[in-house]
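# An overview of the molecular structure
Here are the chains, one letter per residue:
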Amino acid sequence: MGLTLAKIEELAPDQGSLAAAKKLLKPSSWPTIAEDRAGLIWGECQGSGATPYRISVTEADAGYKCSCPSRKFPCKHSLALMWMRVEGKVEFQERPVPEWVNDWLARRRGPSAASPAATPEKPKASISAIEEIEAEADPKAEARAAAARERNRLERETSITNGLDELDIWLADQTDAGLAAFPAKASAVCRVMAQRLFDAKAAGLALRVDTMPSRLFALPDAERPMAAIRELGMLHLLAEAYRRQNDLSEPMRHDIRQLVGWNVTREALLEDKQALRVSGTWRVWAVRSEVQPDKLRRIETWLQGDDRQAVLIEYVPVSTGASSSGYSLGDAFEAELVFYPASVALRALIANQLTGAEPSDAPLALPEQNLAAAYGLYEDALIEKPWLQEYPMMFRGARLRRSGDAFYLHDGEISLPVARSQSTVSWPLLQFETIDGAALWDGSELTLCWSETALGRWTA
């Protein structure tokens, strides 16, 4: 073995990287830690997103590769994997070398390119210094930091309240001017209001206002005024709910604060003993990606568990080039998910992934319910969460029908309009007498994602 603690100190770009690596030495952060018994080790480390980072290390020459976006080389994940290897406290299971490790090995240009030596000018990082820093924790400094955080929170509350007052005036102005003409000027007026809400630190509401024109323009001209009324009405509802949040139940209070822009960090959620946790086998049935106006890509991965639906949501900078979560349709994996507090708990993150994601050809295990029953569950959820957006619907025995250019999913009791954007891709489903499947319903359109047909699987 060529790795030693001294070698890790030599490779570390700075003291901070070593300190960050030390925090990753917990095996619970690593769904996968493996080796090939020939000097190659690799692992998957759970970061802030849904998809773990993938790290490969060659022990002989300390070559490394990590999929994280860090600009430090080696990053904290690579250092942590080497560190765990040297300490020997974590078992590296012998496994076949995965394809992503082989890909990296094939592209390597050699040890000199992968493991640069430390330069004499570089400050030497020290593992022992980390322990000294931790031992010198200052209670007064922690108290000052806590007071500063509370002061910042109160200032942000005041700023958001002022932003909501501006939103009220803006909504009244749009109503007074007449909503029939609103769609034509939506881009200009929404951009101004969105910027005011960003300035007021209500990022969630700001993004909702900023993206409103694109939602309106996706509809036919005749439907846009009514859609605008619904959009503006929802903004009024959210603003009023935020002002009265202390009168709401705790799950609804979490809902409204997250919608306005307060975030629950990954660390806080994992430490929340009251948070809902569900373990089991999860199946990927939909993966979606879209670029937001704030230059972040929102990546959704919808999962089906034994008796529960969940969605993993990642936000990654567009500049990184990442466009998917790393999971593919049909993948199955075992994991413990922890759900964000909400009146209708859907969004979750992976607390502990027990197995890697493996593709599966098995049919999706859909519940024994028709489309009308699935819609009934949506109505129940809407009662619990009036600002509910997209909701997963699982159904059996439905049929796709066409009327002119419009498509509907029908089961004898109910017909739901299919998203116009799916008119082409869903055409093959017209030939089947019945289909079973999974879809997302946003209150006005159904987006088909997965279907089990007599000829096999169909996915959007």
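The shown structure was predicted, so the numbers you read here are calculated from the model rather than taken from an experiment.

Here is what the cut-offs are and how they apply
- Residues numbered from 1 in each chain as written.
- Predicted model: local features only at pLDDT ≥ 70, side-chain atom pairs only at ≥ 80, totals over all residues.
- Heavy atoms only, no water.
- pLDDT = per-residue confidence, 0-100.
- Helix = DSSP H or I, 4+ residues; strand = E, 2+ residues; numbered from the N terminus.
- Contact = heavy atoms within 4.5 Å.
- Expected span 1.5 Å × (residues − 1).
- Buried < 20%, exposed > 50% of the residue type's maximum accessible area, 1.4 Å probe, protein only.
- Pairing = 2+ DSSP bridges.
- Axes fitted to C-alpha atoms, helices over the stretch in contact; angles between N-to-C directions.
- Core = buried A, V, L, I, M, F, W, Y, C linked by side-chain atoms within 4.5 Å.
- Phe/Tyr/Trp six-rings, centres within 6.5 Å; stacked < 30°, edge-to-face > 60°.
- Lys NZ or Arg CZ within 6 Å of the ring centre and 35° of its normal.

Take the confidence of the model for the protein chain next. Residue-level pLDDT values for the protein chain average 85, and 92% of them are 70 or greater. The least confident element of the protein chain, judged by mean pLDDT, is helix α5 (residues 111-114) at 46; the most confident is helix α14 (residues 371-384) at 94. Throughout residues 112-119 the model reports pLDDT below 50, and contacts reaching past four residues in sequence, or to other chains, amount to eleven contacts.

Looking now at helix α7 (residues 139-177). For α7, which comprises 39 residues, the first-to-last C-alpha distance of 57 Å matches the rise-based estimate of 57 Å (1.5 Å per residue) to within 8%. Arg156, Glu157, Ser159, Ile160, Gly163, Leu164, Leu167, Trp170, Leu171 and Gln174 are the residues of α7 that are buried. Tucked into the core, α7 has its buried residues touching α8 (182-199), α9 (203-210), α11 (224-243) and α12 (250-260).

This part is about the side chain of Ser159. Looking at where Ser159 falls in the secondary structure, it is placed in helix α7. Those residues in contact with Ser159 that lie beyond four places of it in its chain are Asp199, Ala200 and Lys201.

Right, let's talk about the sheet that holds strand β9 (residues 332-339) for a bit. Spatial strand order, β6-β7-β8-β10-β9: five strands in a closed barrel with mixed pairing. Mean inter-strand twist for the sheet, computed between neighbouring axes without regard to direction, equals 60°. In terms of strand pairing, strand β6 (residues 277-291) meets strand β7 (residues 296-304) through eight bridges, oriented antiparallel. Residue pairing for β7: Arg288 is matched across the bridge by Glu300.

This part covers the nonpolar core. Ranked by internal contacts, the top residues of the largest apolar core, which has 37 residues, are Trp285, Tyr391, Met393, Phe395, Leu409, Leu446 and Leu448. Mapped by element, the contributors of at least two residues to this core are β6, β8 (309-317), α14, β11 (391-403), β12 (406-410), β14 (435-441) and β15 (446-453). Sorting elements by how many residues they give to this core places β11 first, with six residues. Once residues lying within four places of it in the same chain are set aside, the contact partners of Phe395 are Leu366, Gln369, Asn370, Leu371, Leu409, Ile435, Asp436, Gly437, Ala438, Ala439 and Leu448. Judged by nonpolar contacts, the second largest core, of 34 residues, contains Phe182, Ala227, Ala241 and Trp387.

Once that is clear, we can look at the packing of aromatic side chains. Inspection of the entire model under this criterion finds eight aromatic pairs. On the numbers, 6.3 Å between centres and 90° between planes, the contact of Tyr378 with Trp441 is edge-to-face. In this pair, Tyr378 sits in helix α14 while Trp441 sits in strand β14, placing the two residues 63 residues apart along the sequence. When sorted by exposure, Tyr378 lands in the same class as Trp441, which is buried. Following the ring pairs from residue to residue traces out a cluster consisting of Tyr375, Tyr378, Tyr391 and Trp441. The cationic tip of Arg85 hangs over the ring face of Phe92; the distance from NZ or CZ to the ring centre is 4.9 Å. The ring of Tyr340 is capped by Arg347, whose NZ or CZ atom sits 4.5 Å from the centre of that ring.

The subject of this paragraph is unusual backbone geometry. In this structure, Pro74 follows Phe73 across a cis peptide bond, with omega equal to -5°. With respect to the helices and strands, Pro74 occurs in the loop between β4 (63-66) and α3 (76-87). Despite not being glycine, Ala62 has its phi angle at roughly 55°, a positive value. With respect to the helices, strands and loops of the structure, Ala62 is situated in the loop between β3 (53-58) and β4. Under the relative-accessibility criterion, Ala62 is labelled buried at 1%. Not every positive phi belongs to a glycine, and Lys201 is a case in point at roughly 70°.

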